[in-house]
Amino acid sequence: MESFEEFEKATKAAEFIQNQDGRRPHIAIVLGSGLGDFAERLENATGIPFEEIPYFARSTVEGHKGRLVIGELQGIPIICQQGRFHFYEGYELDQIVFPIRVYGRLGIKVVILTNAAGSLDPELRPGSLMLITDHINCMGVNALRGKNDERFGPRFPDMTNVYDRELSSLVDKAANEMASEGLGKGSKDFLNRGIYCATSGPTYETPAEVRMFRLFGANAVGMSTVPEAVAARHQGLRVIAISCISNYAAGMTGEPINHQEVMDAGRQVAELFSELISRTVKSMNSVLLMQ
């Protein structure tokens, strides 16, 4: 599928969404496995199932509700994407990053990406959160492969600072405030910083792969996020990303890994995650208004 056609499709999808809800949010949040209930916190919400949006794919993974929710968080309009599309589901990369391209056409300035990930670090406990500082793409593909449409962005976009340092510092600040108020067990316990490694899935990693990823310098591993982050930066959108650490990666405990464990970890940290995101969005909105 040519990117020139993609631009026209993204424009049509954006127009459809705008006709369903006239608000113009500057922040979009992609909710990963077990974290979709955050969207239920939005007030004055409009829900749009993926199947109603032109050219959107369908989410097939348990824990992904498959709809956009446009609403307000503490009076700030935002878009929440309940569920995402994965390479392992059989989707092409242009389908996976299509929502991100639509957000660019909607005037979104910041994308907050979230996911469930396996820990590669014994100190990074299941049930904690990791603020992504960089990524390693082990998917074997790149979201920008193919013809480039300059209306989305340049042919060879810089990836030096994929994850926005200024906005990421707001997440740290929110975590520190929560810790000082006795929420969680201290910022070091529930929010860490680290590098995310993306694989194509759907199999979980092998113990040998885990050892390799750790040698690469990765702290957590998952099956999403990187294509979306690349597509967002291609369009000049600012990105922050947070992993919910759902389990220790293969071979670290000797126990098998299953998707139910991922879902349970998401529910376990849901309240902490929601509070962290709420505080971050509030401070982020102030930053955006000043720019």
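Scroll up for the structure.
Fair warning: this is a prediction, and the values are worked out from it, not measured in the lab.

**Some points on the overall build of the protein chain**
- Within the protein chain, the secondary structure is distributed over 8 helices and 9 strands.
- Relative to the 2.2 N^0.38 estimate, which gives 19 Å for 291 residues, the radius of gyration of the protein chain is 18 Å and therefore close to what a compact globule would have.
- Its C-alpha atoms put the protein chain at 50 × 45 × 35 Å along the principal axes.
- The contacts of the protein chain with a sequence gap of at least 6 include a subset with a gap of at least 24, amounting to 81%.
- Entry remark: accessible area of the protein chain is about 12,400 Å², with carbon and sulfur atoms responsible for 48%.
- Charged side chains in the protein chain number 29 positive and 36 negative. The centres of these two groups are separated by 4 Å.

**A look at the packing of aromatic side chains**
- For the coordinates displayed, the defined rule picks out 8 aromatic pairs.
- Here the aromatic rings of Phe50 and Phe56 are separated by 5.5 Å at their centres, their planes lie at 45°, and the arrangement is tilted.
- Between Phe50 and Phe85 the ring centres are 5.2 Å apart and the planes differ by 65°, which places this aromatic pair in the edge-to-face class. Placement of Phe50 in the loop between β2 (43-49) and β3 (67-73) and of Phe85 in the loop between β4 (76-82) and α2 (93-96) is noted, with a sequence separation of 35 residues between them. For the pair Phe50 and Phe85, one class covers both residues: buried.
- In textbook terms, an aromatic cluster arises when at least three aromatic residues are bridged by ring pairs, as seen for Phe50, Tyr55, Phe56, Phe85, Tyr91 and Phe98.

**Remarks on unusual backbone geometry**
- Here Gly201 and Pro202 are connected by a cis peptide whose omega angle stands at 5°.
- Assignment of secondary structure puts Pro202 in the loop between β7 (191-198) and α6 (207-216).
- At Tyr55, a residue that is not glycine, the phi angle is positive and equals roughly 75°.
- Checked against the element boundaries, Tyr55 lands in the loop between β2 and β3.

**Some details on the side chain of Ser119**
- With respect to the helices and strands, Ser119 occurs in strand β5 (residues 110-119).
- For Ser119, a relative accessible area of 0% gives the class buried.
- If sequence neighbours within four positions are ignored, Ser119 has contacts with Leu124, Asn219, Ile245, Asn247, Tyr248, Ala249 and Met252.

**Observations regarding the nonpolar core**
- Residues Ile100 and Val102 are the most contacted members of the largest nonpolar core, which totals 50 residues.
- Ignoring anything within four residues of it in the chain, the contact list for Val102 reads Ala10, Ala13, Ala14, Ile17 and Phe56.

What counts as what
Residues numbered from 1 in each chain as written. Predicted model: local features only at pLDDT ≥ 70, side-chain atom pairs only at ≥ 80, totals over all residues. Heavy atoms only, no water. Helix = DSSP H or I, 4+ residues; strand = E, 2+ residues; numbered from the N terminus. Rg over C-alpha atoms; globule rule 2.2 N^0.38 Å. Contact = heavy atoms within 4.5 Å. Areas by Shrake-Rupley, 256 points an atom, 1.4 Å probe, with all protein chains shown as cover. Lys, Arg positive; Asp, Glu negative; His and termini not counted. Charge placed at Lys NZ, Arg CZ, Asp CG, Glu CD. Phe/Tyr/Trp six-rings, centres within 6.5 Å; stacked < 30°, edge-to-face > 60°. Buried < 20%, exposed > 50% of the residue type's maximum accessible area, 1.4 Å probe, protein only. Core = buried A, V, L, I, M, F, W, Y, C linked by side-chain atoms within 4.5 Å.

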